[in-house]
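Examining the three-dimensional arrangement
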2 protein chains.
Amino acid sequence: MENLQHTGSFKLRGAANVVASLDADQRRIGVIAPTAGNHGLGLACAGHVAGVPVSIYLPHSADPMKVSAMESYGAQVTFFENIEEARLAAIAAAQQSGATFVSAYNNAQMIAGGGTVGLEIMEEWAEAEVILVNIGGGGLASGVATAIKAINPHAEVWAIQSEASPTFARWKEAGETVPVALSPSIAEGISGYIEPEAMTWPLIRDRVDRVLLVSEAEIKAAMFLMLDLHGHVTEPSGVPAVAAALRYAKTLRGRKTVCVVSGRNISGSRYLKLVNDALI
Amino acid sequence: MENLQHTGSFKLRGAANVVASLDADQRRIGVIAPTAGNHGLGLACAGHVAGVPVSIYLPHSADPMKVSAMESYGAQVTFFENIEEARLAAIAAAQQSGATFVSAYNNAQMIAGGGTVGLEIMEEWAEAEVILVNIGGGGLASGVATAIKAINPHAEVWAIQSEASPTFARWKEAGETVPVALSPSIAEGISGYIEPEAMTWPLIRDRVDRVLLVSEAEIKAAMFLMLDLHGHVTEPSGVPAVAAALRYAKTLRGRKTVCVVSGRNISGSRYLKLVNDALI
């Protein structure tokens, strides 16, 4: 239930780890990250607590609720046409200012932070047999898989992504990084281009047992289920693991299964729109 | 945030206290309660944990999600035409079987259980100046007021109810129990007839500073705010305190204010219906 995590998603774990690992000079100059959402919120909160300046580069399309939350933590926020422009500008700004560039997934400390979710699963339920975890850039999934396999190599880790943005599913299928066609997804936090040199790829390739896909409709249905059965608000990127548990219920029957629910940051009007779709 | 409490509402606190206070004979025979909702869930859970039989008498209109949750805790569930019939039948059954009848509010252990919310508020934020708490039968409000006033007599406790069911507001105004006209409310958990001899009345009269009313529309707006700003599912009976904080924002400005949010048990379809109303 990382939807109940501070800042509303698991991303704070990695961000806190990154900030705690900075040396004195790096702390003084600060960190910079291109992100539309949860990564920026995690970093803004971690920087606020540690007194480290945080600069977030984000697309105009970013959720205003997330933007104002970042600003309330004192982060400096700069807008760009789209996330790719924000990314290139953030890299350039980091080179110029000496600020530490923090990728949401292509960063060992981010991955290790996400991995603490896996450690906690094993602490609480050592008998868990299948762990379902959402995958976008692979930071959470590779961290969780690394932690789980280190403790119990027989436990399976399944990483779940949207059909609309199936990068790791295609790479895993091919056994190598190949070009992947991407479409827009309601789960914006786990969608978009992943660079083939991302350090998460070999970890996902070697430590995640299966990468599975769910549809946009299945993601909305999982959001409705989380509301109806459990009374929890979730965002689309936070529930693919739940959607997969429903799709693969027959395969999972009788197996001790964990779903990692990873976020709840979504504006009220967008939430209602998506979940209403699932009801009809 | 008692919406995040086990069983989805604060009611488990009092129910656990009741069950823990039973003697050996009472534990063996079990408890019985008339309730459509959260009280039944709290009691079912507390009884399940302690191995005490629980019998719930409820109206046909009860939320199926709550009913199946009670059954999953092993409670025996019996249906009646309406809550008043359920109440009378439960009293008769208790007399016949020797089972302990447990009112949701007219019971010192229930009140004391709810009071632990007040103790925790003072532990976490001793400087709190105004505490807003929802009131139905008055179990939570009288418990919270008793705890708060014992620790800091200068802190104010405001109890909030729906305009549609303003029993304590009218009694407080009159300084005595008077007949009160009741209408149906979306906040069914804090609505309906309160017997003038309820032990909560003198506590509310002497220890609660103000009893205030909010409209049905304000309750829906507070549910939307809890979704939009905080990413939390709430039920109508759980948010009048939040609705009042909005209505009396000017009066509360600059005062350290606490709202007790008290429950999240509502079916997904009903939740969407109510919150969609607030959006339009």
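See the structure above.
This write-up is about the structure you can find in this document. Remember, it's a predicted structure, so these values are computed and weren't measured experimentally.

All right, on to the relation of the copies chain B and chain A then. Overlaying chain B with chain A gives an RMSD of 0.0 Å, the required rotation being 180 degrees about an axis along which the chain moves by 0.0 Å. Taken together, the rotation and translation relating the two chain copies correspond to the operation of a two-fold axis. Interface overlap between copies: 100% of the residues of chain B at the interface are likewise at the interface in chain A, consistent with a symmetric, same-surface contact.

For the rest of this paragraph, the subject is the sheet that holds strand β1 (residues 31–34) of chain A. Residues and elements named next belong to chain A. On the basis of which strands lie adjacent, the open sheet formed by four strands has the order β3-β2-β1-β4 and parallel pairing. With partners counted over all chains shown, the strands left at the sheet margins are β3 (76–80) and β4 (100–101), one partner each. Summarising the sheet, β1 and β4 pair through two bridges and their orientation is parallel. Counterpart to V31 in the pairing with β4 is T100. Each of β1 and β2 (54–59) is contacted by helix α3 (residues 38–50), which is oriented at about 165 degrees to β2, the strand it contacts most.

All names here are of chain B. Spatial strand order, β3-β2-β1-β4: four strands in an open sheet with parallel pairing. Sheet topology places β3 (76–80) and β4 (100–101) at the edges, where each strand pairs with a single neighbour. Against the sheet, helix α5 (residues 83–97) contacts β1 (31–34), β2 (54–59), β3 and β4, and its axis sits at roughly 160 degrees relative to β1.

With that settled, the discussion passes to the environment of A46 of chain B. All names here are of chain B. With respect to the helices and strands, A46 occurs in helix α3 (residues 38–50). Using a count of 27 C-beta atoms within 10 Å as the deciding quantity, one classes A46 as buried. The spatial distance from the C-alpha of A46 to the C-alpha of S21 is 12 Å, given a sequence separation of 25 residues. Aside from chain neighbours lying at most four places away, what touches A46 is L12, A15, A16 and V19.

Parameters at a glance
Residues numbered from 1 in each chain as written. Chains lettered and ligands numbered in written order. Predicted model: local features only at pLDDT ≥ 70, side-chain atom pairs only at ≥ 80, totals over all residues. Least-squares fit on C-alpha atoms with pLDDT ≥ 70 in both. Contact = placed C-beta atoms within 7 Å. Pairing = 2+ DSSP bridges. Helix = DSSP H or I, 4+ residues; strand = E, 2+ residues; numbered from the N terminus. Axes fitted to C-alpha atoms, helices over the stretch in contact; angles between N-to-C directions. Buried ≥ 20, exposed ≤ 12 C-beta atoms within 10 Å, placed from the backbone.

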